[in-house]
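Here is how the chains run, residue by residue.
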Amino acid sequence: MEVKLHDIGEGMSEGEIVQILVNAGDFVTVDQPLVAVQTDKVTAELPSPFAGRIENIFVSSGDVIEVGGVLLTISPIERKNEVVTKTNNATRILAAPFTRKIAREHGVDIENVIGSGPAGRIVDEDVMNYIELGREAEVEPVQNHKEKKEVKSDTIPFTSRRRQIAAKMTKSVRTIPHVTHFDEVDVTNVLDIKSMLAQKRGISLSVAAFYIKAVCVALKDYPIFNSELSEEESLITLKKDIHIGIATDTEEGLIVPVIHHCDRLSIQDIHIKMKQLRERALYNELKREELSSGTFTISNAGPLGSTGATPIINYPEAALLAFHKTIKRPVVTDEDEIVIRSMMNLSMTFDHRITDGGTSMRFTNRIIELIEQPSLLLTELV
């Protein structure tokens with residue numbers, strides 16, 4: 001019987017084979033992982049639909065297979081009391097598909113490479129260092145004259161995930177008339193509260209959790225930014241639930257895990273959930289439901305040093321808010337005094353089909369008010 005690649009993500013059309021987990025001749029049990037496949041969002045293991053013996057394997061690591069493509073064939077076991085043993089003892093190697101690609105292109109057995117990343121994960125640099133050590137061990141032949149060597153351009157694969165990101169970004173730009181406006185917010189009071197909680201209560205919270213809570217409150221006041229437009233039906237749907245997507249930078253590219261019902265969570269709950277999702281995103285361990293149903297996206301670009309940007313909206317959402325780096329600088333108060341405050345830039349991008357700049361600025365002003373006066377968030381605690 002054939003085992004085919006099925007849709008393991010929302011609307012996926014293809015997947016890249018990351019690892020073959022069985023060999024021809026192996027006996028497998030029901031739900032035993034057969035192959036690991038990477039889509040534009042997650043890396044998932046495809047389980048065996050029944051117990052049996054692996055007959056033929058038609059794919060290799062690195063292959064890009066369309067949904068419906070045959071991966072392998074299995075001869076089912078008919079006898080109920082059959083004893084099935086797993087004969088494949090392949091070591092599970094933690095490495096991104098692009099890292100594996102580098103190893104294959106240079107003839108490196110990735111199992112011989114020692115990983116320096118978290119949990120022993122092999123990163124690109126580990127493979128390149130392994131290759132360089134091999135070169136140093138080789139004895140170079142003596143050359144009697146200089147040879148002109150052709151300089152070749154480097155190439156990198158346009159992976160399945162990169163292609164999916166490209167398709168989604170292109171659709172967003174072609175469909176949505178983007179408008180971005182910039183503002184700044186004084187985050188001194190939030191940083192003071194964060195420091196106080198850490199020193200006196202031993203509670204560690206990221207400032208981003210405060211920002212996200214402020215966004216949730218503001219979305220209730222301005223639900224047009226928590227909406228979705230259907231031009232075909234001439235309808236704008238104002239979403240009742242607030243599901244915040246967190247744009248996350250990973251080795252394989254941008255990914256947006258979602259904090260569902262974020263408005264119902266406390267600041268501490270948001271911090272915990274955000275940390276959990278980010279860790280799972282970095283290890284390609286996110287579940288399908290953790291990547292779906294987002295209604296508004298946040299991009300916290302500050303830790304990377306960004307001072308401003310014009311982000312692309314996560315289609316079909318209506319807006320995206322980016323937080324940039326915080327710097328201390330002199331500020332003139334209402335009393336004409338010069339003080340040092342921690343200031344952060346914001347960039348708010350919205351769909352100009354459904355709303356206008358004035359509404360966007362009022363929405364952003366509400367967020368700024370909540371961040372600059374974090375005591376107002378106390379009324380929103382769960």
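Quick note: structure is the one above.
About the thresholds
- Residues numbered from 1 in each chain as written.
- Predicted model: local features only at pLDDT ≥ 70, side-chain atom pairs only at ≥ 80, totals over all residues.
- Heavy atoms only, no water.
- Patch = residues over 30% accessible without salt bridge, like charges linked within 9 Å, V, L, I, M, F, W, Y side chains within 5 Å.
- Areas by Shrake-Rupley, 256 points an atom, 1.4 Å probe, with all protein chains shown as cover.
- Salt bridge = Lys/Arg side-chain N within 4 Å of Asp/Glu carboxyl O.
- Lys, Arg positive; Asp, Glu negative; His and termini not counted.
- Charge placed at Lys NZ, Arg CZ, Asp CG, Glu CD.
- Helix = DSSP H or I, 4+ residues; strand = E, 2+ residues; numbered from the N terminus.
- Buried < 20%, exposed > 50% of the residue type's maximum accessible area, 1.4 Å probe, protein only.
- Axes fitted to C-alpha atoms, helices over the stretch in contact; angles between N-to-C directions.
- Left-handed = near helix turned anticlockwise from the far one by under 90°.
- Contact = heavy atoms within 4.5 Å.
- Nonpolar A, V, L, I, M, F, W, Y, C, P; charged D, E, K, R; others polar.
- Pairing = 2+ DSSP bridges.

Colleague: Which residues make up a negative patch on the surface, and what values go with them?
Modeller: A contiguous patch of negative charge, built from D334, E335, D336 and E337, is present on the exposed surface. When you line up the elements, D336 lands in the loop between strand 17 (319-332) and strand 18 (338-351). The class for D336 is exposed, based on a relative accessible area of 65%.

Colleague: How would you sum up the packing of helix 5 (residues 207-221) against helix 6 (residues 267-282)? Please name residues and give values.
Modeller: Packed helices, taken two at a time, are described by their axes: the angle between them and the distance between them. Between helix 5 and helix 6, the shortest axis-to-axis distance is 8 Å and the interhelical angle comes to 115°. Two packed elements cross with a definite hand, and for helix 5 against helix 6 that hand is right-handed. Here A208, A209, F210, I212 and K213 of helix 5 lie close against helix 6, whose contacting residues are I267, I270, H271 and M274. Residues belonging to the contact of helix 5 with helix 6 are distributed by class as follows: seven nonpolar, one polar and one charged.

Colleague: Explain the sheet that holds strand 1 (residues 2-4) to me, using residue names and the numbers behind them.
Modeller: Strand pairing in a sheet relies on backbone hydrogen bonds. The paired strands run either parallel or antiparallel. Taken in spatial order, the four strands make up an open sheet running 1-8-6-3, and their pairing is antiparallel. The sheet terminates laterally at strand 1 and strand 3 (27-28), the two strands that pair on one side only. In terms of strand pairing, strand 6 (residues 52-57) meets strand 8 (residues 70-76) through five bridges, oriented antiparallel. By the bridge assignment, N56 is partnered in strand 8 with T73.

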